[in-house]
Amino acid sequence: MANAAAPTAAVPTLAPPLEQIRHLAEELRLLIPGVRVGEALETTKEFNPETFWRRLNEAAVNVSREATTLTEVFSHLPLPSPQETQRFCEQVRAAIKAMIAVYYSLPKNQGITLRKLVRSTTLDIVDGMAQLMDALFMTPTQSSENNDLISYNSVWTACQQVPQIPRDNKAAALSMLTKNVDFVKDAHEEMEQAVEECDPYCGLLNDIEDNSDNHGDEEDDGLGYPNNRDLYWSEEDQELIIPCLALVRASKACLKKIRISVAENGKKDQVAQLDDIVDISDEISPSVDDLALSIYPPMCHLTVRINSAKLVSVLKKALEITKASHVTPQPEDSWIPLLINAVDHCMNRIKELTQNELELTFADSQLADDSLRI
């Protein structure tokens, strides 16, 4: 009796090309959370900066090359076969994972600020590649008319940023401090412009007046038509804005002086102190934004007071951390006490101008408590 032929192993069926592209986009996005929270790999090898940056640049070039290849092969008919698509997807997957692996090889002792910048660029590359996969899946063979070239360009742009990343933690700290100075400068200029024009909502009133004319004699205070209190500052508001602007100017001065101190006195090997300076300095711009938003009408003076106090607290902490660090070789340096005095002066004036509203609010609260007891 002849032996039965051995059963042939089932060959897995490959998904259609576009389905493979869609699955790869999903897979890449699943990598992003891990990169955000991932720690540096533990190793006994001594870190070699030159080797690291060479590998990171090579990985970025490889990702860019794979993005170019993928865009070209999916930009015209016929589409690649399932087998060819599998090979392209494996190459993209390998390029992205290699990029992430290089990022993980950057140890914490090189500086948290530097790691954040490398991580941010790595995330941009992974996300950009996932966007390209989405575009190729949604609009294949129509690259000149749709979004896949735009997505490819975002990957390419992110890869091009790799050579621009600062090469040590001091340079990374200066980069972040410069951005913070620019953010606060922009916020200050916007505040000054609104005050100079005495029109916090420039153009809005004209639109409302036009609409009001079109609606005949409808009441201006109706739904959708703010009254003057909502559009303009009162005299008390304008008086309060003056020390608020001064406080934002002081914030800009603090950041500039901190940046100068890091540039002139910062040491590359003092990574922890540089990270501490950047961490607290990163809190200044959001605090300035909160204060800037609170001065727009209708202004709540207590909110302005609270946001000013939060900003003052951050500024003083930033100055104290800077004073205690190596970037201030002479702690008695006059610029730190001068800025602290300027910040205190602004805050004291804000307290004076908001004291009445604070007392009224407290009195109203007491009355409410008393009524509940009755």
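To keep things clear, this report deals only with the structure shown in the data block. The structure presented is a predicted model; accordingly, all values stated were derived computationally and were not measured.

### A closer look at the overall build of the chain
Tallying secondary structure elements over the chain gives 13 helices and zero strands in all. In the chain, the succession of helices and strands from N to C terminus is α-α-α-α-α-α-α-α-α-α-α-α-α.

### A word on the pattern of salt bridges
Under the defined criterion, the tally for this structure stands at twelve salt bridges. Put simply, Glu58 and Arg54 hold a salt bridge, and the shortest N to O gap is 3.5 Å. Residue Glu58 and its partner Arg54 are located together in helix α2 (residues 49-73), separated by four residues, close to a single helical turn. Of the residues examined, Arg54 reaches a relative accessible area of 44% and is grouped as partly exposed. Within the structure, one salt-bridge network assembled from shared partners comprises Glu19, Arg22 and Glu26.

### Regarding a negative patch on the surface
Residues Asp182, Asp186, Glu189, Glu190, Asp289 and Asp290 make up a contiguous surface patch of negative charge. Elements supplying a minimum of two residues to the negative patch: α6 (169-197) and α11 (284-294). Residue contributions to the negative patch peak at four residues, all from α6. The residue Asp290 is located in helix α11 in this model. For Asp290, a relative accessible area of 41% translates into the label partly exposed.

### Some words on the environment of Glu357
As for its placement among the helices and strands, Glu357 is situated in helix α13 (residues 335-373). Accessibility expressed as a relative area gives 27% for Glu357, which makes it partly exposed. Setting aside anything within four residues of it in sequence, one finds Glu357 in contact with Cys300, His301 and Leu302.

### Overview of the side chain of Ser294
Structurally, the position occupied by Ser294 is in helix α11. The class for Ser294 is buried, based on a relative accessible area of 9%. Within the structure, Ser294 has its side chain in polar contact with the side chain of Asn307 (distance 3.5 Å). Residues contacting Ser294, with those up to four places away along its chain left out, are Met299, Thr303, Val304 and Asn307.

### Description of the nonpolar core
Of all hydrophobic cores here, the largest spans 91 residues; its most connected members are Leu56, Val63, Ile96, Met129, Met133, Leu247 and Ile284. The element contributing the most residues to this core is helix α9 (residues 235-265), with twelve residues. Those residues in contact with Met133 that sit more than four places away from it in its chain are Ile21, Leu24, Ala25, Leu28 and Leu70.

### Thoughts on the packing of aromatic side chains
Enumeration over the complete set of coordinates arrives at four aromatic pairs. Aromatic pair Phe52 and Trp53: ring centres 4.9 Å apart, planes at 80°, arrangement edge-to-face. No difference in accessibility class separates Phe52 from Trp53, as the two residues are buried. A ring pair is formed by Trp233 and Tyr296, whose centres lie 6.5 Å apart and whose planes are at 40°; its orientation type is tilted. Of this pair, Trp233 sits in the loop between α8 (228-231) and α9 while Tyr296 sits in the loop between α11 and α12 (301-324); the two residues are 63 residues apart in sequence, bridging distant segments of the chain. An aromatic cluster of three or more residues is present, and its members are Phe47, Phe52 and Trp53. Positioned above the aromatic ring of Phe88 is the side chain of Arg87, whose terminal nitrogen or guanidinium carbon lies 4.8 Å from the ring centre. The side chain of Arg167 reaches across the aromatic face of Trp53, ending 4.1 Å from its centre.

About the thresholds
- Here, residues in each chain are numbered from 1, in the same order as that chain's written sequence.
- Whole-chain, interface and lining totals are the exception, using all residues; otherwise, since this is a predicted model, local features are given only for residues with pLDDT of at least 70 and side-chain atom pairs are given and counted only at 80 or more.
- The basis for every side-chain value is the complete set of heavy atoms in the structure, and neither hydrogens nor water enter the calculation.
- Under the scheme used here, helices are H or I runs from DSSP no shorter than 4 residues and strands are E runs no shorter than 2 residues, and both carry numbers assigned from the N terminus.
- Note on definitions: salt bridges are taken to be side-chain nitrogens of Lys or Arg within 4 Å of carboxyl oxygens of Asp or Glu.
- In this scheme, a residue with accessible area under 20% of its type's maximum is buried, one over 50% is exposed, and one in between is partly exposed, where area comes from a 1.4 Å probe on protein chains only.
- The patch calculation keeps residues exceeding 30% relative accessible area without a salt bridge and links them within 9 Å when they carry like charges or within 5 Å when they are nonpolar (Val, Leu, Ile, Met, Phe, Trp, Tyr).
- For accessible areas, the Shrake-Rupley method is used with a probe of radius 1.4 Å. Any residue's cover is judged against the shown protein chains and nothing else.
- His is not counted, nor are the chain ends, whereas Lys and Arg count as positive and Asp and Glu as negative.
- In this description, the location of a charge corresponds to atom NZ of lysine, CZ of arginine, CG of aspartate or CD of glutamate.
- Residue contacts follow a heavy-atom distance rule, with two residues in contact if any of their heavy atoms lie within 4.5 Å.
- A 3.5 Å cut-off defines polar contacts: any pair of N or O atoms within that distance qualifies, except that in protein one atom must be a possible hydrogen donor and the other a possible acceptor, and neighbouring residues in sequence count only when both atoms are side-chain atoms.
- Throughout this description, the term nonpolar core refers to a set of buried Ala, Val, Leu, Ile, Met, Phe, Trp, Tyr and Cys residues connected via side-chain atoms within 4.5 Å.
- Any two rings among Phe, Tyr and Trp, with Trp reduced to its six-membered ring, count as a pair given centres within 6.5 Å; such a pair is stacked if its planes are under 30 degrees apart, edge-to-face if over 60, and tilted if neither.
- Put simply, a charge is over a ring when the Lys NZ or the Arg CZ is close to the ring centre, within 6 Å, and near the line of the ring normal, within 35 degrees.

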